[in-house]
Amino acid sequence: MFPALETEVKQESLPDPYEDFMYHHLQYYGYFKGHRGSLPTSATHQHVWKNNPRYLLSGSFGERQGMVPDPLQKEKLLWPTCISSPVHRQIEAVSRDSLMLSSPLLKSRQLLHDEFGEVSPCLREPRDLFTFFSSSGPLQAPRWPIECEVIKENLHHIEWVPPQPEYFYQPTGNEKLPEIVGEEKGTVVFQLDSVPTGGSYFTSSRVGGKRGIIKELAVTLQGPEDKTLLFESRFESGNLQKAVRVDTYEYELTLRTDLYTNKHTQWFYFRVQNTRKDATYRFTIVNLLKPKSLYTIGMKPLMYSQLDAKTHNIGWRREGNEIRYYKNNRDDGQQAFYCLTWTIQFPHDQDTCFFAHFYPYTYTDLQCYLLSVANNPVQSRFCKLRTLCRSLAGNTVYLLTITNPSRTPQEAAAKKAVVLSARVHPGESNGSWIMKGFLDFILSNSPDAQLLRDIFVFKVVPMLNPDGVIVGNYRCSLAGRDLNRHYKTILKESFPCIWYTRNMIKRLLEEREVLLYCDFHGHSRKNNIFLYGCNNNDRKYWLHERVFPLMLSKNAPDKFSFHSCNFKVQKCKEGTGRVVMWRMGILNSYTMESTFGGSTLGNKRDTHFTTEDLKSLGYHVCDTLLDFCDPDRTKFMQCLTELKELLQQEIHKKFNELGQDMDLEGSWSDICLSDIESSTSGSDSSLSDGLPVHLLNVADELNQKKKMYKKKKKKLLQTRKQRNEQYQKNNWMQELKLTEDALKFRECQFFSDEK
């Protein structure tokens, strides 16, 4: 019935150059002692792998235990039962639920090592070269937790830059503070069902989320005169839990907490329909958790009109009046909530509009961008796309390697590395816009971009937490934890995105120097853009970690604030990417914080940032890299001199505050910088909640195993040179022994002849 497949299986005996090489290679190192016949041919392996429903990229990746496949997947699972017995047995070996890539049918070019360095009997998942990135093929559909309902609509927003600056809101002092009445006195017009919160944990996922018919959560309109707004948030990156109508044009909104937690309400992104043009609407979000917010100093929400986008090519814009941020008057005795209220007049009748905390940038947006890169014949020559790992839900975490081909091995080895990442906090979409600006420039044909690709290897992880981005979380992954507090984790299966990122950087450090690491974030309480770094204790490189931020502030003076930068390493930040990479040996290790608001500097003072402003920061990062690595060290030394002067001023200020005098002509440079700087408690941080309860035992077992392993003496794999030297030494010792034995034999013969 399937002659093509049977023909391929029959070709198993044909020689394969790669298999022949790997057979001798693995046998040489002592890792493989089987027969040559036990290794399948590449053709057979590739056919089985690509036709295995469990790993089809365009459908549903990695079905978890307890999941029933989609109808299409059911059909794909049924066809092996119709084919001949030998072929069926081979396919069945791949399809069974317990598959962990240990089947002899599956091969990889890399053996799998566990976290203790031991060789595992299974093999690494083969690196897929993104066959779905083609002009005709589909993108990988996002995978959702099975508890999440998802509407079957593809949303798309146009990119647009306002022709005029969007100024901060100026309070009048007459803004109304609505009293929160709740659903007791109002009417619920939208509410999500069965959202997983704290106490539950992620179990499985599928494309499209929850099975079954999608419910209509919005109210049914009673006729054309019904002015009730229709709300929706069950789309990618959407977040709105409930909407209560408390007056004709007034609504109280409740945001959904991060999935599997009871915290982190900040990000919102929802749709409204059935609008009226001449009415003034009021929206009040009632369950925000942060006592301080940029909304108190002029930040406005974002609004998007589909009719304006279609007819006037106008995209997201800052809108709203009577904006206030205040404490909720309904105290439940446990946790204080804060409210954000604003009024709005819609531009059209019967329009579809969206509101958001910041410019959305979804997982699908990223995939579309990477698709354009993969299909570009020029960019794809120096930008290689790979799968770094799969997230908890099975979504791909992408890794980009960007560098120009080197002419010689020596030239390739001499290149330093730069590592950039974004969206470890999913609600901080400003990080993605900076990343997009960086990628736009570094992939361009600009002479500066070509020079950077000549001298650096860029490793880029554009979206570290795709699961959180997809479901509309603000801070956490589906593990219910802030990933930027767990970079030291040993739980690879629970925190795969950061475990593999750290492992990738660790391997990179073994190959070459990593000049700079930077993780792009967003900040909800400070304006401008700034960096958090790590003070260096080595006097040889004193203040060197501050040179790059100072240069960046000179290249982007109306956006980047050096005075907002901080370099103190606090104990509560030991699990962050910035500190972990610094302790791994990267001197210039930073967190870049970009505001949700705007600038208080230069020509952009008191205006909101646009996506173009953030993308320009990505270009300025590239420009600053060139200044930082300029063979002419004049700029570098000028910055060091300026930093010393700034530090002296800071020390003077500190001692004046303490009412003390100090002669700074002497050993002022011996003062600990951490004593001068304030903490980064003003940062947009959350304390680590530790591990979820269901993972505590797993972590304890791994720690015990690691301790036991450390006690064992590890036998290092010898290099070819060492093996040759050992071989020569053994031969020499053997020849010496034979010579000594021969001499002894002759000596014995001589004495016996004399007797």
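Worth saying up front: this structure is predicted, and the values here are computed from it rather than measured. (Residues numbered from 1 in each chain as written. Predicted model: local features only at pLDDT ≥ 70, side-chain atom pairs only at ≥ 80, totals over all residues. Heavy atoms only, no water.)

1. Thoughts on the confidence of the model for the chain
Within the chain, residue pLDDT values average 80, and 71% of them lie at 70 or more. Across residues 1–13, confidence stays below pLDDT 50; counting only partners more than four residues off in sequence or on other chains, it has 22 contacts. Confidence over residues 35–110 falls short of pLDDT 50; this stretch has 144 contacts with residues more than four positions distant or in other chains. (pLDDT = per-residue confidence, 0-100. Contact = heavy atoms within 4.5 Å.)

2. Considerations on the nonpolar core
Proteins that are soluble and globular tend to have nonpolar side chains buried together. In terms of nonpolar packing, the biggest core is built from 148 residues, with Phe231 and Phe283 touching the most fellow members. Those residues in contact with Phe231 that sit more than four places away from it in its chain are Val189, Phe190, Ala218, Leu240, Ala243, Tyr251, Leu253, Phe270, Arg271, Val272 and Phe283. (Core = buried A, V, L, I, M, F, W, Y, C linked by side-chain atoms within 4.5 Å. Buried < 20%, exposed > 50% of the residue type's maximum accessible area, 1.4 Å probe, protein only.)

3. Examining the packing of helix α11 (residues 447–455) against helix α16 (residues 611–628)
In the contact formed by α11 and α16, the axes pass within 10 Å of each other and the chain directions differ by 60°. As summarised for this structure, α11 and α16 are arranged oblique, according to the angle between their axes. Remark: the crossing between α11 and α16 carries left-handed chirality. Contact residues: α11 offers Asp448, Leu451 and Leu452, while α16 offers Cys622, Leu625 and Leu626. Across the contact of α11 with α16, the residue classes break down as five nonpolar, no polar and one charged. (Axes fitted to C-alpha atoms, helices over the stretch in contact; angles between N-to-C directions. Helix = DSSP H or I, 4+ residues; strand = E, 2+ residues; numbered from the N terminus. Parallel < 35°, antiparallel > 145°, perpendicular 65-115°, else oblique. Left-handed = near helix turned anticlockwise from the far one by under 90°. Nonpolar A, V, L, I, M, F, W, Y, C, P; charged D, E, K, R; others polar.)

4. Concerning helix α7 (residues 363–374)
Helix length check: α7, at 12 residues, gives a terminal C-alpha distance of 16 Å against a target of 16 Å (1.5 Å per residue), a fit within 8%. Looking at the buried positions of α7, the neighbouring elements they touch are α8 (379–382), β16 (383–390), β17 (396–402), α10 (430–442) and α12 (466–471). (Expected span 1.5 Å × (residues − 1).)

5. Here's the deal with the sheet that holds β17
Paired through their backbone hydrogen bonds, the strands of a sheet run either parallel or antiparallel. Read across the sheet, seven strands follow the order β16-β17-β19-β18-β20-β22-β21 without closing on themselves; strand pairing throughout is mixed. Each end of this open sheet is capped by a strand with a single partner; those strands are β16 and β21 (529–532). Going across the sheet, the axis of each strand differs from the next one's by a mean of 20°, ignoring polarity. Of the strands in this sheet, β16, β17, β18 (416–422), β19 (456–461) and β20 (514–523) are in contact with helix α13 (residues 496–511), which crosses β16 at around 130°. Set on the sheet, α16 makes contact with β18, β19, β20, β21 and β22 (588–595); between it and β22 the angle comes to about 155°. (Pairing = 2+ DSSP bridges.)

6. A look at α11
One turn of the α-helix equals 3.6 residues, which is why residues spaced by three or four share an orientation. Every buried residue of α11 is accounted for by Ala449, Leu452 and Arg453. Buried residues of α11, viewed axially, fall in a sector of 100°; they line one side. Next to the buried residues of α11 lie α8, β17, α10, β19 and α16. (Arc of directions from axis to C-beta.)

7. Digging into a nonpolar patch on the surface
A cluster of nonpolar residues, Trp732, Met733 and Leu736, forms a patch on the protein surface that exposes about 310 Å² of accessible area. Mapped onto the fold, Leu736 is located in helix α20 (residues 720–754). (Patch = residues over 30% accessible without salt bridge, like charges linked within 9 Å, V, L, I, M, F, W, Y side chains within 5 Å. Areas by Shrake-Rupley, 256 points an atom, 1.4 Å probe, with all protein chains shown as cover. Salt bridge = Lys/Arg side-chain N within 4 Å of Asp/Glu carboxyl O.)

8. Some points on the environment of Asn321
Among the secondary structure elements, Asn321 is positioned in strand β13 (residues 321–327). Under the relative-accessibility criterion, Asn321 is labelled partly exposed at 45%. For the pair formed by Asn321 and Thr341, sequence separation is 20 residues and the distance between their alpha carbons is 9.0 Å. Sequence-distant contacts of Asn321, defined by excluding residues within four places in its chain, comprise Tyr169, Trp342 and Thr343.

9. What to know about the UniProt feature "active site" (unreviewed entry) in the chain
The feature "active site" (unreviewed entry), as annotated in UniProt, sits at Glu593 in this numbering. Topologically, Glu593 is positioned in strand β22. Once residues within four sequence positions are removed from consideration, Glu593 is found in contact with His521, Gly522, His523, Asn528, Ile529, Phe530 and Tyr532. (UniProt positions renumbered as here; feature names shortened; annotations may be inferred.)

10. Details of the packing of aromatic side chains
Evaluated as defined, the whole model comprises 36 aromatic pairs. Between the aromatic rings of Phe202 and Tyr260, the centroid separation amounts to 6.4 Å while the plane-to-plane angle is 75°, which identifies the pairing as edge-to-face. A residue pair is termed long-range when its members are at least 10 positions apart, and Phe202 in the loop between β4 (187–191) and β5 (205–207) and Tyr260 in the loop between β8 (250–254) and β9 (269–273) qualify at 58 residues. Taking the relative accessible area as the measure of exposure, Tyr260 reaches 5% and is therefore buried. Every member of this aromatic cluster is reached through a ring pair, and the members are Phe231, Tyr249, Tyr251, Phe268, Phe270, Tyr281, Phe283, Trp342, Phe346 and Phe355. The lysine or arginine in question, Arg453, covers the ring of Phe382, its NZ or CZ lying 3.8 Å from the ring centre. Over the ring of Phe636 we find Arg633; its NZ or CZ atom is 4.1 Å from the centre of that ring. (Phe/Tyr/Trp six-rings, centres within 6.5 Å; stacked < 30°, edge-to-face > 60°. Lys NZ or Arg CZ within 6 Å of the ring centre and 35° of its normal.)

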